[in-house]
Amino acid sequence: MRPPDRASELTLGGCAALLVAAGSGERLGAGRPKAFVVLAGRPLAAWSLEAIAAAGVPRAVVAVPPGHGAAAEEALGRDFPLGLAFVEGGATRSESVRNALAAAGDAEAVVVHDAARPLAEPDLFRRTLAALADADAAIAAARVTDTIKEAGPDRLVVRTHDRSRLWAIQTPQAFRAAVLRRALDVPPDVLARATDDAWLVERAGGSVRVVESPPANFKVTTPHDLAVAESLLC
Ligand code: CTP
Ligand code: MG
């Protein structure tokens, strides 16, 4: 049975963005947290906040590395037409999401985004939130273009997957706030295994819909990624 159409209940005004920016950026190796690394003249996290504001989401909670709250307010706290709050992130990404969600007040829906994806467009935030109309979660995803094979520890291929059904999962990821709150209420070892928040909803039996994203929504992980993002923005 098709779930009830819940679109009319949700308005952008009742949404909050949770921007996770508390990682250390070890693979980037810039000597400071990745969210504060300068990309095309602005801190990396600023690009996401601009897109979130342009999407019409009225507030955002930013999870920053412990001890970096004042620096984050200084670097990010002024330029955006958004209600902004800063919280300390946790030891894992999911803990950072949980800390940010706890500061999101009475938001009906939340959209979680990695500060490390500075090229996410406002439209992608809007489309993931709109897709909550008939799902518990709606997540940005790219079609897989390479052939995906599974190999054992000995690197011998054991299986080739059907690419037509495979999606590479990204952020933004939109959730009914109550659904995400329940999904995150799990023991620390489960939280530590989560490479995205939607998996926590899936394992709790919730429905998760993919929303196709444009190619530019890659994650800045390495110096090469930063150079590509810089060339796309300049
Ligand atoms: N993140 C977070 N809290 C953590 C770990 C990660 O908020 N404890 C955030 C990062 O800031 C980033 C996103 O989750 O925006 C995706 O993580 P990743 O790309 O792995 O960033 P880092 O953890 O900073 O990078 P690395 O793994 O290379 O240290
Ligand atoms: Mg990491």
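Refer to the structure printed above.
Notes on the structure follow. (Residues numbered from 1 in each chain as written. Chains lettered and ligands numbered in written order. Predicted model: local features only at pLDDT ≥ 70, side-chain atom pairs only at ≥ 80, totals over all residues. Heavy atoms only, no water.)

Near ligand 1, the surroundings consist of 18 residues, among which Val20, Gly25, Glu26, Ser96 and Lys219 are the closest. At a separation of 2.9 Å, an oxygen atom of ligand 1 approaches a polar backbone atom of Gly23. Take Ala91: an N or O atom from its main chain is 3.4 Å from a nitrogen atom of ligand 1. The protein chains hide 86% of the 560 Å² of surface that ligand 1 would expose on its own. Among the cavities detected, the one that contains ligand 1 is the largest pocket. Taken together, the residues of the shell around ligand 1 break down into six nonpolar, six polar and six charged. (Near = heavy atom within 4 Å. Polar contact = N/O pair within 3.5 Å; in protein donor to acceptor, adjacent residues only side chain to side chain. Areas by Shrake-Rupley, 256 points an atom, 1.4 Å probe, with all protein chains shown as cover. 1 Å grid on protein atoms, 1.4 Å probe; cavity = no way out; pocket = protein on both sides within 12 Å on 5 of 7 lines; lining within 4 Å. Sits in = over half its atoms within 2 Å of the grid points. Nonpolar A, V, L, I, M, F, W, Y, C, P; charged D, E, K, R; others polar.)

A word on the packing of aromatic side chains. In total, this model carries zero aromatic pairs according to the counting rule given. Directly above the aromatic system of Trp47 lies the positively charged group of Arg42, at a separation of 4.9 Å from the ring centroid. We note Arg203 situated over the ring of Trp199; from NZ or CZ to the ring centre the distance is 5.6 Å. (Phe/Tyr/Trp six-rings, centres within 6.5 Å; stacked < 30°, edge-to-face > 60°. Lys NZ or Arg CZ within 6 Å of the ring centre and 35° of its normal.)

Now for the environment of Ala40. Within the element layout of this structure, Ala40 appears in the loop between strand 2 (38-39) and strand 3 (42-43). With relative accessibility at 22%, the residue Ala40 sits in the partly exposed group. If we ignore the near neighbours within four places in the chain, the residues touching Ala40 are Trp47, Glu230, Leu233 and Cys234. (Helix = DSSP H or I, 4+ residues; strand = E, 2+ residues; numbered from the N terminus. Buried < 20%, exposed > 50% of the residue type's maximum accessible area, 1.4 Å probe, protein only. Contact = heavy atoms within 4.5 Å.)

On to the side chain of Ser94, then. As for its placement among the helices and strands, Ser94 is situated in helix 3 (residues 93-102). In this structure Ser94 comes out as buried when scored by relative accessible area, which is 1%. Those residues in contact with Ser94 that sit more than four places away from it in its chain are Leu184, Leu191, Ala194, Asp197 and Leu200.

Attention now moves to the packing of helix 1 (residues 44-55) against helix 4 (residues 122-130). Where helix 1 contacts helix 4, the axes come no closer than 8 Å and their chain directions differ by 60°. Taken together, helix 1 and helix 4 sit at an angle that is classed as oblique. Crossing hand, helix 1 versus helix 4: right-handed. Each of Ala51, Ile52, Ala54 and Ala55 in helix 1 lies in contact with helix 4, whose residues at this interface are Pro122, Phe125 and Arg126. (Axes fitted to C-alpha atoms, helices over the stretch in contact; angles between N-to-C directions. Parallel < 35°, antiparallel > 145°, perpendicular 65-115°, else oblique. Left-handed = near helix turned anticlockwise from the far one by under 90°.)

Its boundaries defined by the atoms lining it, the largest pocket holds a volume of some 640 Å³. Surrounding the largest pocket, 29 residues form its lining, Gly23, Lys34, Arg93, Asp114 and Lys219 being those nearest its centre. Broken down by secondary-structure element, the contributors of at least two residues to the lining of the largest pocket are helix 3 and strand 10 (167-176). For the lining of the largest pocket, the element with the highest residue contribution is strand 10, accounting for four residues. Of the residues belonging to the lining of the largest pocket, the class tally is 10 nonpolar, 11 polar and eight charged. (Points joined across faces, edges and corners; volume = space filled by probe spheres on them.)

Taking burial as the measure, the six residues of strand 1 (residues 15-20) include six buried ones, the bulk of the element. What you see with strand 1 is no split at all: Cys15, Ala17 and Leu19 on one side and Ala16, Leu18 and Val20 on the other are buried throughout. Relative to strand 6 (residues 109-114), strand 1 runs parallel, the two sharing six bridges. Considered in strand 6, the bridge of Ala16 is made with Val110. (Pairing = 2+ DSSP bridges.)

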